[in-house]
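Remarks on the overall topology
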There are 2 protein chains.
Amino acid sequence: MTAPTTTGRDAVREAVHDSARRARVASRTLAQLTTAQKDAALHAAADALLAAKEAILAANAEDIEIAKAGGTAESLLDRLRLTGARVDGIASGLRQVAGLPDPVGDVVRGSTLPNGLEIRQVRVPLGVVGMVYEARPNVTVDAFGLALKSGNAALLRGSSSAAKSNAALVRVLREALQAQGLPADAVQLLPSEDRSSVTHLIQARGLVDVVIPRGGAGLINAVVRDAQVPTIETGTGNCHVFVHKDADLDMAESILINAKTRRPSVCNTAETVLIDRAIADVAVPRMIKALEDKGVTIHGDLPGLVPATDTDWADEYLSLDIALKVVDDLDAAVEHINQWGTGHTEAIVTADLKAAREFTARVDAAAVMVNASTAFTDGEQFGFGAEIGISTQKLHARGPMGLPELTSTKWIVWGDGQIRPV
Amino acid sequence: MTAPTTTGRDAVREAVHDSARRARVASRTLAQLTTAQKDAALHAAADALLAAKEAILAANAEDIEIAKAGGTAESLLDRLRLTGARVDGIASGLRQVAGLPDPVGDVVRGSTLPNGLEIRQVRVPLGVVGMVYEARPNVTVDAFGLALKSGNAALLRGSSSAAKSNAALVRVLREALQAQGLPADAVQLLPSEDRSSVTHLIQARGLVDVVIPRGGAGLINAVVRDAQVPTIETGTGNCHVFVHKDADLDMAESILINAKTRRPSVCNTAETVLIDRAIADVAVPRMIKALEDKGVTIHGDLPGLVPATDTDWADEYLSLDIALKVVDDLDAAVEHINQWGTGHTEAIVTADLKAAREFTARVDAAAVMVNASTAFTDGEQFGFGAEIGISTQKLHARGPMGLPELTSTKWIVWGDGQIRPV
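Definitions and limits used
- Residues numbered from 1 in each chain as written.
- Chains lettered and ligands numbered in written order.
- Predicted model: local features only at pLDDT ≥ 70, side-chain atom pairs only at ≥ 80, totals over all residues.
- Heavy atoms only, no water.
- Least-squares fit on C-alpha atoms with pLDDT ≥ 70 in both.
- Contact = heavy atoms within 4.5 Å.
- Helix = DSSP H or I, 4+ residues; strand = E, 2+ residues; numbered from the N terminus.
- Expected span 1.5 Å × (residues − 1).
- Buried < 20%, exposed > 50% of the residue type's maximum accessible area, 1.4 Å probe, protein only.
- Arc of directions from axis to C-beta.
- Buried area = accessible area lost by both parts, 1.4 Å probe.
- Salt bridge = Lys/Arg side-chain N within 4 Å of Asp/Glu carboxyl O.
- Axes fitted to C-alpha atoms, helices over the stretch in contact; angles between N-to-C directions.
- Parallel < 35°, antiparallel > 145°, perpendicular 65-115°, else oblique.
- Nonpolar A, V, L, I, M, F, W, Y, C, P; charged D, E, K, R; others polar.
- Pairing = 2+ DSSP bridges.
- Domains from an automatic or database assignment.
- Disulfide = S-S within 2.5 Å.
- Polar contact = N/O pair within 3.5 Å; in protein donor to acceptor, adjacent residues only side chain to side chain.

Description of the relation of the copies chain B and chain A
One copy of the chain maps onto the other through a rotation about an axis followed by a shift along the same axis. For the pair chain B and chain A, the relating rotation is 180 degrees, the translation along its axis is 0.0 Å, and the fit reaches an RMSD of 0.1 Å. Accordingly, the operation relating the two chain copies is best matched by a two-fold axis. The rotation axis passes nearest to the C-alpha of H396 of chain B in chain B, at a distance of 1.8 Å. Of the interface residues in chain B, 99% have counterparts in chain A that sit at the interface too, so the contact is made through matching surfaces.

Remarks on helix α5 (residues 84-98) of chain A
Residue and element names in this part refer to chain A. For α5, with 15 residues, the first-to-last C-alpha span of 22 Å sits near the 21 Å given by 1.5 Å per residue. Turning to α5, its buried residues number three or more, namely V87, I90, A91, G93, L94, V97 and A98. One face of α5 carries all of its buried residues, which in axial projection span an arc of 150 degrees.

Here we look at the interface of chain B and chain A
Facing the 77 residues of chain B at the interface are 76 residues of chain A. For the chain B and chain A pair, buried surface summed over both sides reaches about 6,400 Å², with 53% attributable to carbon and sulfur atoms. Area buried by chain B at its contact with chain A is led by L395, W411 and R420 of chain B, which between them contribute 13% of it. Summed over the shared surface of chain B and chain A, the number is 10 salt bridges. Between E233 of chain A and R205 of chain B there is a salt bridge, and its shortest N-O distance comes to 3.0 Å.

Description of the packing of helix α2 (residues 35-51) of chain A against α5 of chain A
All names here are of chain A. Where α2 meets α5, the closest approach of the two axes is 8 Å, and the angle between their N-to-C directions is 175 degrees. Regarding the angle of α2 to α5, the classification is roughly antiparallel. Contact residues: D39, L42, H43, A45, A46, D47, L49 and L50 in α2; V87, D88, I90, A91, L94, R95, V97 and A98 in α5. Residue classes in the contact of α2 with α5 are distributed as 11 nonpolar, one polar and four charged.

With respect to the sheet that holds strand β11 (residues 321-327) of chain A
Strand order in the open sheet made by the 10 strands is β10(A)-β9(A)-β11(A)-β8(A)-β7(A)-β12(A)-β13(A)-β16(B)-β2(B)-β1(B), with mixed pairing throughout. Since the sheet does not close on itself, it has two edges, and those belong to β10 (306-307) of chain A together with β1 (107-112) of chain B, each with one partner. Here strand β2 (residues 118-125) of chain B runs beside strand β16 (residues 407-418) of chain B; their pairing, made up of eight bridges, is antiparallel. Following the sheet pairing, E118 of chain B is matched in β16 of chain B by W414 of chain B. Contacting β7 (239-243), β12 (345-349) and β13 (367-372) of chain A together with β16 of chain B, helix α14 (residues 353-362) of chain A runs over the sheet at an angle of about 150 degrees to β16 of chain B.

Considerations on the domain arrangement of chain A
For an interface, size is often stated in terms of accessible area lost upon the parts coming together. Split by domain assignment, chain A resolves into domain 1 (13-233 + 400-412) and domain 2 (239-376). For domain 1 of chain A versus domain 2 of chain A, the separation of C-alpha centres amounts to 35 Å.

A look at α14 of chain A
Since the α-helix turns once every 3.6 residues, residues separated by three or four places project in the same direction. Buried within α14 of chain A we find A355, A356, F359 and T360 of chain A. Projected down its long axis, α14 of chain A carries its buried residues within an arc of 125 degrees, all on one side. In α14 of chain A, the exposed positions that point more than 90 degrees away from the buried face belong to L353, K354 and R357 of chain A. In this structure, the buried residues of α14 of chain A make contact with β7, α13 (330-340), β12 and β13 of chain A together with β16 of chain B.

A look at the side chain of H17 of chain B
Along the chain, H17 of chain B falls in helix α1 (residues 8-30). Contacts of H17 of chain B, omitting those with residues within four sequence positions, involve H200, A204 and L207 of chain B.

Re the state of the cysteines
Two cysteines, two sulfur atoms, one covalent bond between them: this is a disulfide. All names here are of chain A. Using the criterion set out here, one finds zero disulfides over all chains in the structure. Of the cysteine sulfurs around C239, a residue in no disulfide, the closest is that of C267, at 7.0 Å. With a relative accessible area of 0%, C239 lands in the buried category.

Thoughts on the side chain of N258 of chain B
Relative to the helices and strands, N258 of chain B is located in helix α10 (residues 249-261). A polar contact is formed between the side chain of N258 of chain B and the backbone oxygen of R420 of chain A, at a distance of 2.7 Å. Once you skip the residues sitting within four places of it in the chain, N258 of chain B turns out to touch I419 and R420 of chain A together with S373 and A375 of chain B.

Points about the environment of R362 of chain B
Residue and element names in this part refer to chain B. Counting through the fold element by element, R362 comes out in helix α14 (residues 353-362). For R362, the side chain forms a polar contact with the side chain of D331, separated by 2.8 Å. A polar contact is formed between the side chain of R362 and the side chain of E358, at a distance of 2.9 Å.

Below you can see the structure in the form of structure tokens.
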């Protein structure tokens, strides 16, 4: 018998499916671990990363070399680069996850039915979790840690530009698991040479329980379009700050500048400022000046601004740019946000309670802020200790996702022979 | 200017998208309604259904006529048929939903952060919910009622065989809403002439928040394969009863017979019985006799049974058939179930606490029963008052879905000018 000829694409498919099947087997063991076993494994993995620091940095240096030769910009090189201090940070991230409460086994609700059946809904791991992400190698370890603590096996599909770094990190993690008597297949790196491994991962229905893409709109759209496995959309944030007519303008300015300039490249940054027409005479020049003083380019339909088109209302700049619009009133602000927003984070600045209540009730987003910066939408800020991403979809999880969002539930029912009447 | 030629398929697409856009507008109003307003609308809709009983029955008679002429089997005709009593039942179902607690506005969790920000996670409606379902016209009204109570607009894609019945029902519901000053577009019926309306519905990303298919494996698979909108898989149930060596055989027999014969066509019916080898000598003949006495055909690899293939382990019979297998021990039972089950409901009969704990911990399903019939996996039995379906996926909802499962959440954050340090 001759073996069938395998095309490259089929080989990738087989590699992904094989990893997923091994992850499923590992996940059965992970689901039964005690919290103490998982925490010990996380600390052991942290120790192993520190012990292997030199090999990790050497692998990363190779990625950096290749990226430089390919003409990668310095800002991207910085995302890709590991240093001794960064490896220390990655390892201590694992220890931090070890310190978080274990969601598995939590009883979400329960009751005793009239017929004596005792029912309870208990948190259980999702099973096999796929992650697709871009350059930063630290995500490899973060995702492993969160997945392990929540009892899930992780299939990691990182960026090809970080292939050697990711391979070195995952090798260390797998050896650490094995040394603890746990299945190495709890964490596996998928091939990253081309996009086909992403496609095979998101179409591995039955083999993979959920895929979480972390990256730009292009990746998210491709995943949502082609996925047959349930996915959680993360990260696209076209966030607004609405300066209401009853806003304290000092507060509005401080919130706006923080929301726009703290870290312009992250998803909770403000991309549009809406200003109430009733205070436009005073507020518009003041906000423009404050933004321009910080080097922000302002797009809008007022004289002196970069002319805005619909693209400006729709897009995330992820840079020191912002769109500015004067709106007739709170109604118009809500309407603009619900039309153009991505459902991430929206903020109002106002001293008026009725306006605040109406804005929070009517704006359709994962997080709605009253008199606070959009930058607070973040798992660590919310007190979750760590975050796997920020969901902008409505199903399963919305907003920052911590450990409980990496679980499902199971109904456990205890009886003594109950049968259901016809 | 000449209008572009519109093919039939494009026209269906436009009709679905247009409905979805109008549903979105309606959903903004629904999300702000008080519980009292929604309950009043549900009672008004129930009254309207009773008042329109004759027109509804006349429309249903037309569907029945067409189905008969097409040679539809009597069992299917019965699912399709409405009677005065059934319309009464449908109306009182709406009143029952009016009596359930409103999940919208529930605070799921919250805290005050060290910087003084008050954060709380509040239940909000999903928005626009699509339902795809088969013959029964009562689902049209049930889905409307659950969607309305949870503040969602419903896009209903029923069976073409129930088209006239569904149209009559939805007309009554829309008029009742309008008479209450609520948007009629809170409930809309999508065209059902061909499958393309399903495709357009499940690909209307951004317009529809979630689609819940209710029906056979073919429908569910098509939806999961082609959907770009998040979906919730429901209803496929290949459920097992495992008779452990320490089972009380009277109890095992009673549970098995109830799980198989109470209503063989529903998803929580037992499709395979697994018997522990240690008690096979006694238990196998006894279970076979009990099943045969109830007219059940038994498939298996023992002499005297209908020979079984892998198909028998995999499929839902949804009829008076069952597969029977002798397994070596609890391990083998768990392995068989995790290999062949659909993650719906699995039961063990045992007097041994350790076996019960191990089975519930290791079996991967929405519901795991100890000494109870699989038939209990049901929203009403679990005390939810009503159910929109039984989810067999792990994301968002697992097991019977009641009103809270038709909601998402929103983080509402109150501050007094907080900004995030760099």
